[in-house]
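Residue-level structure breakdown
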Amino acid sequence: MTTETTERTTAHPPSAAPLTLPAVFRAAARLLSTNGHYQGDYCPDAFDRRSKTHHSTRPLSIVAAIRCVTSPHGDNPHRITQLSEAAVKVLAARLEVDGEPAWNDEPHHLEGHVADWGDVEGRTTESVVAVLEAAADAAEVSA
C-alpha cells in the first residue's frame, strides 16, 4: 500500500533581506505568488491573537509583503525600514486608485494609497504580482 502526502508549498523567510528596490519588488512578488494576496489588513490575524504561524507563510497585503521581505528576519509586516518606505513610495507613484494618483507624499499616506489599491474589489494575486514585477523592471532600468 502506498500513501501519498501533499505538502503546501510556503515561502520561508529569506536568508538575507534584499538590498535594492528591484530585489524588494521581486521578493515581495515571490512571497505573494506563493501565499496569496490579502485584502483589508496586512494579513489574516495580523497581531497574532489566534495564529502563531510566521507572517511570511500567510496571505499578505502588498504593503505587508514589502515590509516582510525588508525586515531582518523576513517575517515582520509591521516593521518599517528605509527600503520598505522607498519601495512603497515608488509603488504609490505608479498606482492610481479610482483614477487618482497619490495625493500626499507623507509615508503614512503613501502606504494608505498602495493599500487602497490592493483593497480594490476583485484585485487578484496575479495583478499584484504583475505590478511588483513591472516596478522591479522599471527600477532596474532607472538604476
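A few points on the structure. (Residues numbered from 1 in each chain as written. Predicted model: local features only at pLDDT ≥ 70, side-chain atom pairs only at ≥ 80, totals over all residues. Heavy atoms only, no water.)

**As for the overall build of the protein chain**
Looking only at helices and strands, one finds five helices and zero strands in the protein chain. Out of the 143 residues belonging to the protein chain, those deemed buried represent 41%. Contacts in the protein chain between residues far apart in sequence, at least 24 positions, make up 56% of those at least 6 positions apart. For the protein chain, the accessible surface area stands at approximately 8,300 Å², while carbon and sulfur atoms represent 51% of it. (Helix = DSSP H or I, 4+ residues; strand = E, 2+ residues; numbered from the N terminus. Buried < 20%, exposed > 50% of the residue type's maximum accessible area, 1.4 Å probe, protein only. Contact = heavy atoms within 4.5 Å. Areas by Shrake-Rupley, 256 points an atom, 1.4 Å probe, with all protein chains shown as cover.)

**Things to note about unusual backbone geometry**
The residue Asp48 is not glycine, and still its phi comes out positive at about 55°. Take Asp48: it is sitting in the loop between α1 (21–35) and α2 (62–70). On the basis of relative accessible area, Asp48 is assigned to the partly exposed category, the value being 25%. The phi dihedral of Asp98 is positive, around 55°, even though this residue is not glycine. In this fold, Asp98 is placed in the loop between α3 (82–94) and α4 (107–118).

**As for the side chain of Arg67**
Examined against the element boundaries, Arg67 turns out to sit in helix α2. Here the side chain of Arg67 touches Glu111 through a polar contact of 2.6 Å, side chain to side chain. With residues near it in sequence (within four places) discarded, Arg67 still touches Tyr42, Asn76, Pro77, His78, Arg79, Ile80, Ser84 and Glu111. (Polar contact = N/O pair within 3.5 Å; in protein donor to acceptor, adjacent residues only side chain to side chain.)

**Brief notes about the packing of aromatic side chains**
A full pass over the atoms with the stated rule returns zero aromatic pairs. If you follow Arg123 out to its NZ or CZ, it ends over the ring of Trp117, 3.8 Å from the centre. (Phe/Tyr/Trp six-rings, centres within 6.5 Å; stacked < 30°, edge-to-face > 60°. Lys NZ or Arg CZ within 6 Å of the ring centre and 35° of its normal.)

**Some details on the packing of α2 against α4**
Two elements in contact, α2 and α4, have axes whose closest approach is 8 Å; the angle formed by their N-to-C orientations is 120°. Compared by their axis directions, α2 and α4 come out oblique. Residues Ile62, Val63 and Arg67 of α2 form the contact with α4, whose participating residues are Glu111, Val114, Ala115 and Trp117. Looking at the contact of α2 with α4 residue by residue, the class counts come to five nonpolar, no polar and two charged. (Axes fitted to C-alpha atoms, helices over the stretch in contact; angles between N-to-C directions. Parallel < 35°, antiparallel > 145°, perpendicular 65-115°, else oblique. Nonpolar A, V, L, I, M, F, W, Y, C, P; charged D, E, K, R; others polar.)

**Regarding α1**
In a regular helix each residue adds 1.5 Å, so 15 residues correspond to 21 Å; α1 covers 21 Å between its end C-alpha atoms and thus fits that length. Three or more residues of α1 are buried, namely Pro22, Val24, Phe25, Ala27, Ala28, Ala29, Leu31, Leu32 and Asn35. In this structure, the buried side of α1 is in contact with α2, α3 and α5 (125–142). Phi turns positive one or two residues past the end of α1, at Gly36, with a value near 100°. (Expected span 1.5 Å × (residues − 1).)

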